[in-house]
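Secondary and tertiary structure notes
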Amino acid sequence: MSGDQRPVTTAGRGDTGFTGAIPEVYDSLLVPMIFAEPARLLARTVAASDGVDVLETAAGTGVLTRALAQLGSHRIVATDLNEPMLAAAAARLPSERVRWQVADAADLPFPDCSFDVVVCQFGVMFLPDKVRGYAEALRVLRPGGMFAFSVWDRIETSAVTQTVTDALCAAAPDEPLEFLRRTPHGYFDFDRIRAELDAAGFDHISGEYLDGSSRQTAETGAVAFCQGTPLRGEIDRHSTLNVESATAIAAAALRDRFGSGQFDAPTRWLQWTAARPR
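Residues numbered from 1 in each chain as written. Predicted model: local features only at pLDDT ≥ 70, side-chain atom pairs only at ≥ 80, totals over all residues. Heavy atoms only, no water.

Re the overall build of the chain
Going by this rule: What counts as a helix is a DSSP run of H or I of at least four residues, what counts as a strand is a run of E of at least two, and both are numbered from the N terminus. What the globule rule says is 2.2 Å times the number of residues to the power 0.38, and the radius of gyration is computed from C-alpha atoms. Partly exposed residues are those whose accessible area sits between 20% and 50% of the maximum for their type, while under 20% is buried and over 50% is exposed, using a 1.4 Å probe and protein chains only.
When its secondary structure is counted, the chain shows 10 helices and 7 strands. Computed over C-alpha atoms, the radius of gyration of the chain comes to 18 Å, within 12% of the 19 Å expected from 2.2 N^0.38 for 278 residues, which places it in the range of a compact globule. Summarising its shape, the C-alpha atoms of the chain cover approximately 55 × 45 × 30 Å along the three principal directions. A buried classification covers 54% of the 278 residues belonging to the chain.

Below you can see the structure in the form of structure tokens.
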């Protein structure tokens, strides 16, 4: 990252804290495991629109940004609240058509009616106030512009995530490690999401369930979730578990369920589109 594109704020904390070694593990393991396939599908939805100016929120390490850049001639502003994640993303995709900027999706530093498309992959779950975040997306869209985003379905539809969570909670029932159930897989109610988009002012609201699969071994899956997500911070704060013991517990549970070799496991997510009224 160079010039005036360098992020200038620090990362979030708690469930939004993608700090330390998390961005590297996230990008090398989690991205190909569970994020690449949904990114391709979401990017196709954006590419099928006639939008040129695209704002991406919660860009993470840039898996969707890269998919968008490959599919069209969009001018992309890719933002994230967490500077370390954005720095990793910018290093992976030097492009004249992509501008990187640290920004909070709930308080966007852009004028009204600035973009044709706002897109977010697996980020709206982290918004403390969903309606406010959606209203910000609507504000910066031009009339008729599209808001497209994805969220994970309930944790029971993603076998690896559920196995890791169940194993860690069973190992420490008095101090359960619930991050994956609480936040990434905690915002899946179809009617609630539709109602909150409507409350923010969107119309032409549409959501669909999409099924995919993730390929990994027990060891890579355990490292990815225990060390490549904010679950790592929850583990570090735990009174009895540490990152080594938690990763070992998760790997053992995955081996018990899926075996010791490489395996494919099901995942499911919701992809949404909505429009700013003309």
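A short note on the pairing of strand β4 (residues 115-121)
Test applied: The rule for pairing is simple: two strands pair if DSSP sees at least two bridges between them. The path from the first strand over the helix to the second decides the hand: if it runs clockwise while the strands point away from the viewer, the crossover is right-handed.
Along β4, 7 of the 7 residues are buried, which leaves the element largely enclosed by surrounding structure. With 4 bridges connecting them, strand β1 (residues 53-57) and β4 associate as parallel partners. Paired with Leu55 across the bridge in β4 is Val118. Sheet topology note: the β4/strand β5 (residues 141-152) ladder contains 6 bridges and is parallel. Bridging from a neighbouring strand, Cys120 pairs with Phe149 of β5. Assessed by its sense of winding, the connection that carries the chain from β4 through helix α4 (residues 130-140) to β5 is right-handed.

A look at unusual backbone geometry
You will see that Cys113, though not glycine, has its phi angle at about 55°, which is positive. Tracing the chain through its elements places Cys113 in the loop between β3 (98-102) and β4. On the basis of relative accessible area, Cys113 is assigned to the partly exposed category, the value being 31%.

So, the side chain of Thr163
Stated precisely, the cut-off is as follows: Within 3.5 Å is the distance limit for a polar contact, defined as a pair of N or O atoms, with the added protein rule that one can donate a hydrogen and the other accept it, and that residues adjacent in sequence qualify only through two side-chain atoms. Between two residues, a contact is recorded if the distance between any of their heavy atoms is within 4.5 Å.
Tracing the backbone shows Thr163 in helix α5 (residues 159-171). Within polar-contact distance, the side chain of Thr163 engages the backbone oxygen of Ala159 at 2.7 Å. Apart from the residues within four sequence positions on either side, Thr163 is in contact with Ala253, Leu254, Arg257 and Phe258.

Overview of the packing of α4 against helix α7 (residues 190-200)
As a reminder of what qualifies: Axis definition: a line fit to C-alpha positions, over the contact stretch in the case of helices; interaxial angles, taken between N-to-C directions, run 0 to 180 degrees. Angle categories: roughly parallel below 35 degrees, roughly antiparallel above 145, roughly perpendicular from 65 to 115, and oblique for all the rest. If you view the pair so one helix is near and one far, a crossing is left-handed when the near helix is turned anticlockwise from the far one by less than a right angle, and right-handed when it is turned clockwise. Three residue categories are used. Nonpolar comprises Ala, Val, Leu, Ile, Met, Phe, Trp, Tyr, Cys and Pro, charged comprises Asp, Glu, Lys and Arg, and polar comprises the others, including Gly.
Packing of α4 against α7 brings their axes to within 8 Å, and their N-to-C directions diverge by 50°. By the angle between their axes, α4 is oblique relative to α7. Relative to α7, α4 is oriented so that their crossing is right-handed. When α4 is examined against α7, the residues Lys130, Val131, Tyr134, Ala135 and Leu138 are found in contact with a partner set consisting of Arg192, Ile193, Glu196, Leu197, Ala199 and Ala200. Considering only residue class, the contact of α4 with α7 consists of 8 nonpolar, no polar and 3 charged.

Some points on the nonpolar core
The tendency in soluble globular proteins is for nonpolar side chains to be buried side by side. Just so we agree on the cut-off: Take the buried Ala, Val, Leu, Ile, Met, Phe, Trp, Tyr and Cys residues and link them wherever side-chain atoms come within 4.5 Å; each set so joined is a nonpolar core.
Among the nonpolar cores identified, the biggest contains 89 residues, and Tyr134, Phe147, Phe149 and Phe202 are the most heavily contacted of them. Take this core: its biggest share by element is 11 residues, from helix α1 (residues 22-48). For Phe149, the contacting residues outside a window of four places in its chain are Leu42, Cys120, Val124, Tyr134, Ile193, Leu197, Leu270, Gln271 and Trp272.

A short note on the sheet that holds β5
The strands that make up a sheet are held in pairs by hydrogen bonds between backbone atoms, and each pair lies either parallel or antiparallel. Pairing in this open sheet of 7 strands is mixed, and the strands run β3-β2-β1-β4-β5-β7-β6 from one edge to the other. Looking at the sheet topology across the chains shown, the edges are occupied by β3 and β6 (203-216). Taken pair by pair, the neighbouring strands of this sheet meet at an average axis angle of 20°, ignoring direction. Pairing of β5 with strand β7 (residues 263-275) involves 7 bridges; the strand directions are antiparallel. Paired with Phe147 across the strands is Ala274, a residue of β7. The strands that α4 touches are β1, β4 and β5; relative to β5, the one it contacts most, it runs at about 145°. Across the face of the sheet, α5 comes into contact with β6 and β7 while running at roughly 110° to β7.

Some thoughts on helix α2 (residues 63-71)
Across the 9 residues of α2, 7 count as buried, placing the element largely inside the fold. For α2, every residue scored as buried is listed here: Val63, Leu64, Thr65, Arg66, Ala67, Leu68 and Ala69. Buried-residue contacts for α2 involve α1, β1, β2 (75-80), α3 (83-92), β3 and β4.

Some details on the environment of Asp203
Relative to the assigned elements, Asp203 resides in strand β6. Taking the C-alpha atoms as reference points, Asp203 and Gly228, 25 residues apart in sequence, are found 36 Å from one another. Leaving out residues up to four positions away in the same chain, Asp203 has contacts with Ala274, Ala275, Arg276 and Pro277.

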